[in-house]
Amino acid sequence: MWSMRLRPELIACLLSALPLATWAQDNCQALTDTSVILSVVTEQFYDRSFNGLNWPAEVASAVESVDCGDSPTQVTSRINALLSRLGASHTAAFSTEELDYWALNSQYYFDSLDGYPLAFAGILAEREEEKWFVSAVLDGSVAAQAGVQVGDELLQLNNNPFSPTGFVPGDNRLRVSPDGSDTREIALSVPQQSLMRAFVDASSASARVIELDAGNDRLLSVGYYRIWAGRDPIQRDFQSTLDEYYDADVDALVVDLRGGLGATSADYLAPVRYLLARKKMPVHFLIDVSVFGGKELLASLVRHDGLGQLVGATTAGEHRPARVNRLLNDRYFLMVATGAFPAPEGGVIEGVGVEPDIAVETCTRFCAGHDPILDASLQILASAVESDS
């Protein structure tokens with residue numbers, strides 16, 4: 001993947017190739033933005049048939065529908081509605097008003113872990129039927145420490161409607177509902193940080209040994225680790241943590257692949273292989289629809305190589321190579337699929353996903369602090385040890 005910054009002369013060339021010349025209207029930023037983004041997609045998308053769409057007509061229609069008062073988020077919403085019809089993952093545009101913009105930019109900023117910082121409390125959120133719900137809370141984050149839980153409805157932030165990018169550095173007031181009726185206000189002191197830094201810290205903070213009652217006065221110790229994203233410090237910390245689990249003589253291992261970003265490789269399974277070579281134990285990998293890209297490759301290899309059991313729900317089915325573009329003075333981040341990875345030994349992932357070995361219904365709303373997938377994994381591990389006793 002690579003980053004593209006358009007020069008002014010290239011922008012003019014791309015715009016002139018569009019079916020409409022109305023982009024030249026004065027003071028219509030939304031029209032210029034839409035034209036530039038769709039021009040780059042036209043140039044880079046790997047399927048020159050555009051999934052059977054009449055692409056020039058679709059682009060013309062999208063350009064004609066622009067209102068000069070559209071916000072950047074309205075621009076990306078319109079564009080992504082069109083791009084979704086191309087039937088390819090890793091093809092989408094994001095503005096600075098969207099958390100994915102900051103997450104992906106920090107992922108592909110390789111000079112340090114601290115590129116593209118913003119005020120981030122450790123909350124990942126999904127919008128459902130015009131409402132925001134917590135989809136994940138990063139381990140060790142200020143939100144986790146304040147008791148924000150997966151499934152909470154996010155109502156207000158600093159007396160405004162909730163927005164994932166609406167936090168400010170320092171003091172914030174967040175109003176949530178844990179059950180759809182009661183509400184509570186939470187005070188958060190939010191740091192300015194890149195999401196990649198947050199994912200690295202959260203991965204390290206996730207490590208813990210869980211003690212379970214396996215019956216017959218026996219305690220089962222389970223090493224747990226959550227891989228929030230793909231970055232060298234996370235891979236190294238995962239390796240050192242599994243070494244510690246070996247020294248602690250844990251009875252089982254749970255590797256959580258859910259949430260965060262992808263961009264992992266097969267190398268992330270090396271610590272698991274090494275651990276199992278030294279000590280045989282049951283291993284569970286937790287998956288759901290939030291698992292995509294490189295993490296889906298890991299899940300596929302886990303099944304193919306018999307490294308453990310996949311527990312949870314089918315993954316996203318998003319596994320394509322892409323070009324990364326930073327456009328219009330960094331106001332937009334655009335990914336464009338450039339082809340297909342060879343199908344891994346575990347089978348095709350794109351558009352299909354990886355199914356779990358043990359299916360568990362997930363919770364996305366009002367979960368009251370419960371994690372059905374992790375709970376099921378721990379229960380199965382405890383039961384297996386008890387039956388072997």
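Report on the accompanying structure. (Residues numbered from 1 in each chain as written. Predicted model: local features only at pLDDT ≥ 70, side-chain atom pairs only at ≥ 80, totals over all residues. Heavy atoms only, no water.)

Brief notes about the overall build of the chain
Part 1: Secondary structure summary: the chain contains eleven helices and 17 strands in total.
Part 2: Taken against the 2.2 N^0.38 rule, which gives 21 Å for 389 residues, the C-alpha radius of gyration of the chain at 22 Å falls within 12% of a compact globule.
Part 3: Expressed as a percentage of the 389 residues in the chain, the buried residues total 51%.
Part 4: Looking at the chain alone, contacts between residues at least 24 apart form 68% of all its contacts between residues at least 6 apart.
Part 5: Entry remark: accessible area of the chain is about 17100 Å², with carbon and sulfur atoms responsible for 48%. (Helix = DSSP H or I, 4+ residues; strand = E, 2+ residues; numbered from the N terminus. Rg over C-alpha atoms; globule rule 2.2 N^0.38 Å. Buried < 20%, exposed > 50% of the residue type's maximum accessible area, 1.4 Å probe, protein only. Contact = heavy atoms within 4.5 Å. Areas by Shrake-Rupley, 256 points an atom, 1.4 Å probe, with all protein chains shown as cover.)

Considering the packing of aromatic side chains
Part 1: Overall, the coordinates contain 13 aromatic pairs when judged by the stated rule.
Part 2: Measuring from ring centre to ring centre gives 4.8 Å for Phe50 and Trp55, while their planes differ by 5°; the resulting arrangement is stacked.
Part 3: Of the residues examined, Phe50 reaches a relative accessible area of 6% and is grouped as buried.
Part 4: Judged by centre distance (6.3 Å) and plane angle (15°), the rings of Phe199 and Trp228 are stacked. On the criterion of sequence distance, the pair formed by Phe199 in helix 7 (residues 195-206) and Trp228 in the loop between strand 11 (219-226) and helix 8 (232-247) is long-range, its members being 29 residues apart.
Part 5: Residue Phe199 is classed as buried on the basis of its relative accessible area, which comes to 1%.
Part 6: Residue classification places Trp228 among the buried positions, given a relative accessible area of 0%.
Part 7: One cation-aromatic arrangement involves Arg208 over Tyr224; the distance from NZ or CZ to the ring centre is 4.3 Å.
Part 8: The cationic tip of Arg278 hangs over the ring face of Tyr246; the distance from NZ or CZ to the ring centre is 4.0 Å. (Phe/Tyr/Trp six-rings, centres within 6.5 Å; stacked < 30°, edge-to-face > 60°. Lys NZ or Arg CZ within 6 Å of the ring centre and 35° of its normal.)

Remarks on the pattern of salt bridges
Part 1: One pass over the structure, following the stated rule, counts 18 salt bridges.
Part 2: Between Arg197 and Asp114 there is a salt bridge, with the nearest N and O atoms lying 2.9 Å from each other. With Arg197 in helix 7 and Asp114 in the loop between helix 5 (99-107) and strand 2 (118-119), the pair connects residues that are 83 residues apart, well separated along the chain.
Part 3: Residue classification places Arg197 among the partly exposed residues on the basis of a relative accessible area of 28%.
Part 4: The class of Asp114 is partly exposed, set by a relative accessible area of 38%.
Part 5: Notably, a salt bridge pairs Asp251 with Arg218, separated by 3.8 Å at the nearest N-O pair. Of this pair, Asp251 sits in the loop between helix 8 and strand 12 (252-256) while Arg218 sits in the loop between strand 10 (208-213) and strand 11; the two residues are 33 residues apart in sequence, bridging distant segments of the chain.
Part 6: Connected via shared salt-bridge partners are Arg226, Asp256, Arg258 and Asp371. (Salt bridge = Lys/Arg side-chain N within 4 Å of Asp/Glu carboxyl O.)

Concerning helix 9 (residues 270-278)
The α-helix winds at 3.6 residues per turn, so residues separated by three or four positions along the chain end up facing the same way.
Part 1: Among the residues of helix 9, Pro271, Val272, Leu275 and Leu276 are the ones counted as buried. Taken end-on, helix 9 shows its buried residues confined to a sector of 130°, consistent with a single buried face.
Part 2: Check the buried side of helix 9 and you find it contacts helix 8, strand 12 and strand 13 (283-287). (Arc of directions from axis to C-beta.)

Quick notes on the sheet that holds strand 15 (residues 322-327)
In sheet architecture, strand pairing relies on hydrogen bonds along the backbone and comes in two forms, parallel and antiparallel.
Part 1: Pairing in this open sheet of three strands is antiparallel, and the strands run 1-16-15 from one edge to the other. A strand with exactly one partner marks an edge of an open sheet, and here the two such strands are strand 1 (92-95) and strand 15. Put simply, the sheet's adjacent strands are angled 15° from each other on average, direction ignored.
Part 2: Running over the sheet, helix 4 (residues 72-83) touches strand 1 and strand 16 (332-337) and is turned about 170° from strand 1.
Part 3: Sheet contacts for helix 5: strand 1, strand 15 and strand 16; angle to strand 16, the most-contacted strand, approximately 70°. (Pairing = 2+ DSSP bridges. Axes fitted to C-alpha atoms, helices over the stretch in contact; angles between N-to-C directions.)

Structural notes on the pairing of strand 11
Part 1: Taken across its eight residues, strand 11 has seven buried, putting it largely inside the fold.
Part 2: One ladder, built from six bridges, connects strand 10 with strand 11; its direction is antiparallel. Pairing of Asp213 across the sheet is with Leu219, part of strand 11.
Part 3: Between strand 10 and strand 11, which pair antiparallel one after the other, the connecting turn spans five residues, and Gly215 there sits at a positive phi close to 85°.
Part 4: Note that strand 11 and strand 12 share five bridges and pair parallel. Each residue of the ladder has a partner; that of Val222, found in strand 12, is Ala252.
Part 5: Taken together, strand 11, helix 8 and strand 12 constitute a β-α-β crossover, and its handedness is right-handed. (Right-handed = clockwise from strand over helix to strand, strands pointing away.)

Notes on the state of the cysteines
Part 1: Using the criterion set out here, one finds two disulfides in the structure.
Part 2: There is a disulfide in this structure between Cys363 and Cys367, and the S-S distance comes to 2.0 Å. Handedness here is read from the sign of the S-S torsion; for Cys363 and Cys367, about -110°, the answer is left-handed.
Part 3: Accessibility expressed as a relative area gives 25% for Cys363, which makes it partly exposed. (Disulfide = S-S within 2.5 Å.)

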